[in-house]
Every structure is written in structure tokens, then in C-alpha cells.
There are 2 protein chains.
Amino acid sequence: MSTYPINDRNRVIRGPKRANYDQAVIHAIIDEALVCHLACGDEQASYIQPTLHWRVGETLYVHGSAKNGLFQRLINGAEGSIAITLLDGIVFARSAFHHSVNYRSVILYGKARLVTDEAEKCASLDALMEKFHSGRSKEARPANATELKATSVLAFTLSNIAAKIRTGGPVDDPEDMQLPVWAGVQPIHLQLGEIIYE
Amino acid sequence: MSTYPINDRNRVIRGPKRANYDQAVIHAIIDEALVCHLACGDEQASYIQPTLHWRVGETLYVHGSAKNGLFQRLINGAEGSIAITLLDGIVFARSAFHHSVNYRSVILYGKARLVTDEAEKCASLDALMEKFHSGRSKEARPANATELKATSVLAFTLSNIAAKIRTGGPVDDPEDMQLPVWAGVQPIHLQLGEIIYE
């Protein structure tokens, strides 16, 4: 598979020229981002929370307290939606309307699978450690039985998924190009500093 | 008002020691963050998207295409949830379990109000421009009637709102402190670069 199938659920409707269903592109956005936002809802209420995520093959994992209310709703069968967003720049156009941002985002819709197999659970949590610091899963004290029990890992299959990407400078209307208004792009970069050891 | 009222909807249940309902703290997180995540759902499906947000007093605004599907659901009365997340550091503990991140996040629940008053709509869009670049609303060509009509602005009142904040180093179990495992914090910083003019 090199592109994800497009269906009524994951098709990008607004701004379809910015849509991208390429597997490698979507994997790269998921892997670069440190945090995702996870949501579900019902007729009465909407729920959302930020959480760390990581990927192993075609599975996106999130983890949290076994008592987490949003997790419980997903485990009980509510459809989840996940957004992963990388902001790359602020786009200043000559008109207010054409101001924009450069970004790479992924949206995934689907039901969660609670990871109950202990081998998969431990391997997935090791993969989380490795995402944040290569080699860390071999250094830190592994989780004991109590700690593992207190942690829920949810798995989402990478399907009903799409990326949306904007790059480049402002796109002004032709009649605005001669206005005495500056235009350009202010880059945004997430910087990881040096580790402060204690 | 210096703190937001706490009720069953906005009370932080998991990790209550990290909860913060202080108005100034919540305002500062909202104002520093460039992007929020907006969600709603029903019995069948969940919807989420990243979008820019900005604040005027006790109102949080988002804007988007008037045809945006999630916006339509909110305008039609679905409860929305909004998450605003600033990631400040990766926390490396001596045990896998106590690894964490430092962050400042805000969650808001509520129904959207479609901004129909033209004066409020124009003033709010000016405030968005000012958030991204001071003085910009006086420089760029203002939106014309067609552009204004194509843009929907939604307003959420800052209520049913809470912040959650983690700061500082790892909190290890006492029995892990003597393990030969390094611990510390890797700072994360969102860097705005110099504008590249075109």
C-alpha cells in the first residue's frame, strides 16, 4: 500500500488540493509530532484531550490512566477522532482574507482497540520510550505489574485517515499584488533543547 | 472574577493537583498558543480539526469556511470541546512509568455562537490579525463583503473551562532513586523565526 483508500469518512472536502493520502507522508507527520488530540462525543456532550501518541507499523497508539473518562468512552465503543498537527509558518498576505498558516496535519477516525495482550502492551510502551529518546526503553526500570495495570493502551488502525498540508508563500488575488502591503512567511519551528540532567 | 467556577463539567478529575482555574493563567495559555483543536460528536461519529483561535476578553473565537462541516454541526447546536496545548518539555524519569511531559493545557466545553453582528465579526477578525502580528489589521487590505460572507466566526464564552499544568523534573519512586539511570528534562520551545518577505 502506498496511499490510503479514500472514502466518505476520510475524504478532505474543504481545500481538497491540500489533501494527501500518501502512506509515507502520513507516517512522517505522525512520527514527527509529539502530541495528538483525541476526541469523542455523543448527543449530549463532546470530549477532547491532548495526549502523547506513537506509531508501530499501521497502528497508532495512545496511553493513559486506566480510569481516564475519555478512554472509557472509547473502550465502550464510541468512535474516536484524532488530530495530529504540525505548524510550520504564519503566512502574511496582502489582503486580510488570504492570511493563512503553513501546516501538516493528519486526521484519523475510528474505534479504539484496548490492548490486552501483555506482550503487545509492553512492546508498544517500549516503542513510546524509543520515540522520545532512542535507547531509553533499555535504560529505565521497566514497568511492574501494578504500573502496567494502571496504564491503558489504546490502538487505532491507520485507516479512515488523511493528511492536509499547506506550504509556500501567500496566494494573493491578482488585483492585490500592487498594494503597498508587505507579504511573506514567518517560519515556526519546534525546538528540542539540551537535556537538563538532575 | 479571578478564578472560573468549578462544576461537574470542567472539574479536572485525573491529576487534580495539576488543575488550575485561575483566569490569568488560563488567559495566558490561550493567548500564547497559536492553534487549538475543536471537536464535536454524536452517537455515530466524532469530528475534530485544528484551527487558529484567539481571545477577546472572555470570548474565545475561531473562524473558518462558512461551509465547514464541523462548524455547521456546532452552529446547529452540538456541544463543542476545545483543547489548547503548549508542550514545554519531555520528562525522563528513572522508571518507565514515571516518564512524563511538562505542558500547559486548557480545555473548554460549550456551545458555539455564530457571530452575525458585522461590527463584532470585523473587530474579531482584526483581533486575530493583531494576535499574529501587531499592527497587521491596519496594514492588510480589509475583507470585502464577499470574503466576509465566506468566513464564519464562532464565539465560545470562557466558562466550563480549566487548565492543567505540569512543571518541573521527574517524580520518581523513592526506591528508584539509587538506580544507575539518568533522569532529567528536555525543554521544548516553539520558535518563531524571522519573517521571509517576498
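What counts, and where the lines are drawn
Residues numbered from 1 in each chain as written. Chains lettered and ligands numbered in written order. Predicted model: local features only at pLDDT ≥ 70, side-chain atom pairs only at ≥ 80, totals over all residues. Heavy atoms only, no water. Helix = DSSP H or I, 4+ residues; strand = E, 2+ residues; numbered from the N terminus. Buried < 20%, exposed > 50% of the residue type's maximum accessible area, 1.4 Å probe, protein only. Contact = heavy atoms within 4.5 Å. Areas by Shrake-Rupley, 256 points an atom, 1.4 Å probe, with all protein chains shown as cover. Lys, Arg positive; Asp, Glu negative; His and termini not counted. Charge placed at Lys NZ, Arg CZ, Asp CG, Glu CD. Buried area = accessible area lost by both parts, 1.4 Å probe. Salt bridge = Lys/Arg side-chain N within 4 Å of Asp/Glu carboxyl O. Nonpolar A, V, L, I, M, F, W, Y, C, P; charged D, E, K, R; others polar. Pairing = 2+ DSSP bridges.

Peer 1: Help me understand the overall build of chain A, please; the structure alone is not making it clear to me.
Peer 2: Within chain A, the secondary structure is distributed over five helices and 11 strands. For chain A, the C-alpha atoms occupy an extent of roughly 70 × 45 × 35 Å along the three principal directions. Out of the 198 residues in chain A, the part that is buried amounts to 48%. Taking the intrachain contacts of chain A between residues at least 6 apart in sequence as the baseline, contacts between residues at least 24 apart amount to 70%. Accessible surface for chain A amounts to roughly 9200 Å². Of this, 54% is attributable to carbon and sulfur atoms. Side chains of chain A give 20 positive and 22 negative charges; the mean places of these two sets differ by 3 Å.

Peer 1: Could you clarify how one ought to interpret the interface of chain A and chain B in this entry?
Peer 2: Facing 75 residues of chain A, the contacting portion of chain B comprises 75 residues. Between chain A and chain B, the buried area comes to about 6400 Å², and carbon and sulfur atoms account for 60% of it. Its largest share of buried area at the contact with chain B, chain A owes to Ile48, Arg141 and Trp182 of chain A, together 11% of the area lost on that side. At the boundary of chain A and chain B, one finds six salt bridges. Note that Asp176 of chain B and Arg141 of chain A form a salt bridge whose closest N and O atoms lie 2.8 Å from each other. Ranked by the residues each element gives to the side of chain A that touches chain B, the list is headed by strand β10 (residues 184-192) of chain A, at nine residues. Class assignment for the residues of the side of chain A that touches chain B results in 40 nonpolar, 20 polar and 15 charged. One ladder, built from two bridges, connects strand β11 (residues 196-197) of chain A with strand β10 (residues 184-192) of chain B; its direction is antiparallel. Across the sheet, Tyr197 of chain A pairs through a bridge with Gly184 of chain B, a residue of β10 of chain B.

Peer 1: Teacher, can you tell me more about the pairing of strand β8 (residues 151-157) of chain B here?
Peer 2: In regular strands, side chains alternate between the two faces of the sheet. All names here are of chain B. The buried fraction of β8 amounts to six of the seven residues, a majority that puts the element mostly inside the structure. Strand direction decides the pairing type here: strand β4 (residues 59-65) and β8, joined by seven bridges, are antiparallel. Counted as the bridge partner of Val62 is Leu154 from β8.

Peer 1: Looking at this structure, how should I read the pattern of salt bridges?
Peer 2: Close approach of charged atoms lets side chains of opposite charge pair. Taken as a whole, this structure holds 22 salt bridges over all chains when the rule is applied. Salt bridges sharing partners connect three or more residues here, namely Arg141 and Glu147 of chain A together with Asp173 and Asp176 of chain B.

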